Every structure is written in structure tokens, then in C-alpha cells.
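Topology and contacts: notes
Listed here are the chains, written in short residue letters.
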Amino acid sequence: MILGIWKLTRINTIVNRVVPYTRPGSIILLHANDPCDQSLKAVSVIVGELRRKGSRFVTVSELLRQWKTL
């Protein structure tokens, strides 16, 4: 049970370190090398929260094309 709580806390920590600081044009980089896959599990939470805030996700190539037209 304690291990489960630690995993949830770690996922929430990752989400709280990403979502409030994401701005238009942000690139989010997460390392998926943790043994319990918290980074991978946090991605769905991050995407959901950012979509609720109106964010749209694009490839890096598309992002760079958009910057060139500014």
C-alpha cells in the first residue's frame, strides 16, 4: 500500500511540475526510464489537463513551421 501511494504521489509531482509551466509553444520532454513507469503514466494526466485548458498538441516539425510564419 505504501508503494502504491508513493507511485501516485510521484505521478502528481510530475504533473505539477509540467502543467502550470506549460505555455504556447512549449515542448515537454519526459524521461521514461523510471522503473515504475510514473513518467509514462503521468503523460495521460498531463495531456488531459492541458487539453482541458485549450492546448493543442502538434509535432515538433509543425511547431517549427508555425514559428517560421510569425
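One can find the structure itself at the top, above this paragraph.
About the cut-offs
- Residues numbered from 1 in each chain as written.
- Predicted model: local features only at pLDDT ≥ 70, side-chain atom pairs only at ≥ 80, totals over all residues.
- Heavy atoms only, no water.
- Helix = DSSP H or I, 4+ residues; strand = E, 2+ residues; numbered from the N terminus.
- Buried < 20%, exposed > 50% of the residue type's maximum accessible area, 1.4 Å probe, protein only.
- Areas by Shrake-Rupley, 256 points an atom, 1.4 Å probe, with all protein chains shown as cover.
- Salt bridge = Lys/Arg side-chain N within 4 Å of Asp/Glu carboxyl O.
- Core = buried A, V, L, I, M, F, W, Y, C linked by side-chain atoms within 4.5 Å.
- Contact = heavy atoms within 4.5 Å.

So, on to the overall build of the protein. Of the regular secondary structure elements, the protein holds three helices and zero strands. Ordered by position from N to C terminus, the α and β elements of the protein give α-α-α. Taking all 70 residues of the protein together, the buried fraction comes to 20%. Accessible surface computed for the protein: about 5700 Å², of which carbon and sulfur atoms make up 60%.

So, about the environment of V45. As for its placement among the helices and strands, V45 is situated in helix α2 (residues 38-52). On a C-alpha basis, the gap between V45 and I11 in space is 8.7 Å, while along the polypeptide they are 34 residues apart.

Further remarks concern the pattern of salt bridges. In a structure, side chains of opposite charge can pair up when their charged atoms sit close to one another. All chains considered together, the criterion is met by one salt bridge. In this structure, the salt-bridge partner of R56 is E62, at a minimum N-O distance of 3.4 Å. What makes E62 partly exposed here is its relative accessible area of 26%.

I11, I14, V15, V18, V19, A42, I46 and L50 form the largest nonpolar core, which has eight residues in total. Ranked by the residues each element gives to this core, the list is headed by helix α1 (residues 2-18), at four residues. Apart from residues no more than four positions distant in its own chain, A42 is found in contact with I11, I14 and V15.

The quantities given are spatial measurements derived from coordinates; they are silent on function.
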